[in-house]
Amino acid sequence: MAQSLQSFHTFSLPSQCQHFYQIDEVNQLLSTDFSGPFCILGEGSNTVFLSDYQGSVIHMNTKGIDIEQQSDGFLLHIAAGENWHQLVAMTIANDMAGLENLALIPGTVGAAPVQNIGAYGVELEKFVSYVEYFDIATKTIKRLTKGECQFGYRDSIFKHALKNQAVITQVGLLLPKKWQPVLSYGPLQQLSEPSPQQVFEQIITTRNSKLPNPSELANAGSFFKNPVIRNEQLALLLKQYPELPHYFVDAEHHKVAAGWLIEQAGLKGFKVAGIEVHQQQALVLVNHGNSTGDDLIAMVKHVQQQIWHKYQIALQHEVRLINAEHECHIELGASS
């Protein structure tokens, strides 16, 4: 039975799917039809449906948090459908620090490991103990250690070897009792010996000042990845743009701020139909309505072309884009 998807993804383009499964209990996955195209969905904050989807949407809505106290930390067993920010708020309120830099990231716990969510100098992988998933082929529950998840920058095994093979059902996070704040990014540098609560509140204030609330203005959060470039290219760019924000990755690479690149290219406020580069945060695309997937594709290509022309950097979108049959990637000169 067809189901409208407009309210199930925060970018809110008009679209619908052929079949819709809401999963409230893990055992419901046993009777879910995975034979045709399917898309696994949490809160839809990092997914955009570009058109009507000719397949099944599997909406993970499982709930439950168990806390296991260990000698050196707290091991949290969290169901995939739990809201990420509410989890962070709960841990801070209960003196379990560590996740505060990841406050206010939209989405569910089950979606978090797929792209190894991160913000303000902290990535999810730092705390992952395990990820549990439903193996579609064998219809069994399997568990991966942190190392087996193959985490990278906005990356994991769930985007590669296990793509369309697994439905994440539970995540285990280990929060050390010995707290070490990470204050290297932006306004956090101004904090002097803060408590976890103060870091948490500063992150919320900062994100609210930059990022539009998707319930008020449709958006999918940060739309583009911060590009990782070689040190040689960074050195050349810094000669021309000495204020370019950059962050160490490894001995040969630095990450540069995509939002800064887009803003300096003069793209804030640029529009295609009702889709706009946000006026306050150039990393965000917003949807004012009366727009289609083709409009969004045109916007993404335009931003990519402008950034390549100005800096010779190939921007990649962070948000999952779903066309009629599968996830697609828009890249310079092509979409696949």
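Preceding this section is the structure that the text describes.
Source: prediction; values computed, not measured. (Residues numbered from 1 in each chain as written. Predicted model: local features only at pLDDT ≥ 70, side-chain atom pairs only at ≥ 80, totals over all residues. Heavy atoms only, no water.)

Enquirer: Can you tell me about the overall build of the protein, naming the residues and giving the values?
Expert: Across its full length, the protein carries five helices and 23 strands. Here the C-alpha radius of gyration of the protein, 20 Å, is about what a compact globule of 336 residues would show, namely 20 Å. Projected onto its principal axes, the C-alpha positions of the protein cover 55 × 50 × 35 Å. Counting only residues that meet the buried cut, the protein has 49% of its 336 residues in that class. Sequence-distant contacts in the protein: of pairs separated by 6 or more residues, those separated by 24 or more amount to 61%. As displayed, the protein offers around 15,400 Å² of accessible surface, 48% of which is attributable to carbon and sulfur atoms. (Helix = DSSP H or I, 4+ residues; strand = E, 2+ residues; numbered from the N terminus. Rg over C-alpha atoms; globule rule 2.2 N^0.38 Å. Buried < 20%, exposed > 50% of the residue type's maximum accessible area, 1.4 Å probe, protein only. Contact = heavy atoms within 4.5 Å. Areas by Shrake-Rupley, 256 points an atom, 1.4 Å probe, with all protein chains shown as cover.)

Enquirer: Lay out the pattern of salt bridges in plain terms, naming residues and giving numbers.
Expert: All told, the structure shown has eight salt bridges when counted by the stated rule. Here Arg154 ties to Glu123 by a salt bridge, and the two come within 3.8 Å at their closest N and O atoms. Highlighted residues: Arg154 in the loop between strand 11 (140–145) and strand 12 (166–176) and Glu123 in strand 9 (residues 122–123), separated in sequence by 31 residues. On the basis of relative accessibility, which here comes to 9%, the residue Arg154 falls in the buried class. For Arg143, the salt bridge goes to Glu132, with nearest N and O atoms at 3.0 Å. One end of the pair, Arg143, is in strand 11; the other, Glu132, is in strand 10 (residues 128–135), and eleven residues separate them in sequence. Residue classification places Arg143 among the partly exposed positions, given a relative accessible area of 46%. Classification of Glu132 as buried rests on a relative accessible area of 16%. (Salt bridge = Lys/Arg side-chain N within 4 Å of Asp/Glu carboxyl O.)

Enquirer: How would you explain the pairing of strand 15 (residues 246–250) if you had to name every residue and give the values?
Expert: Relative to strand 16 (residues 253–256), strand 15 runs antiparallel, the two being bridged by four bridges. Within the sheet, the bridge partner assigned to Tyr247 lies in strand 16 and is Lys255. (Pairing = 2+ DSSP bridges.)

Enquirer: How would you explain the packing of aromatic side chains if you had to name every residue and give the values?
Expert: Applying the stated rule across the entire model yields ten aromatic pairs. Consider the rings of Tyr241 and Tyr311, whose centres lie 5.3 Å apart with planes at 65°: the pair is edge-to-face. Of this pair, Tyr241 sits in the loop between helix 3 (231–240) and strand 15 while Tyr311 sits in helix 5 (residues 293–311), placing them 70 residues apart in sequence. Assigned by exposure class, Tyr241 and Tyr311 land together as buried. An aromatic cluster of three or more residues is present, and its members are Phe11, Phe223 and Phe224. Between the NZ or CZ atom of Arg143 and the centre of the ring of Tyr130, over which it lies, the distance is 3.5 Å. Over the aromatic face of Phe74 sits the side chain of Lys177, whose NZ or CZ is 5.4 Å from the ring centroid. (Phe/Tyr/Trp six-rings, centres within 6.5 Å; stacked < 30°, edge-to-face > 60°. Lys NZ or Arg CZ within 6 Å of the ring centre and 35° of its normal.)

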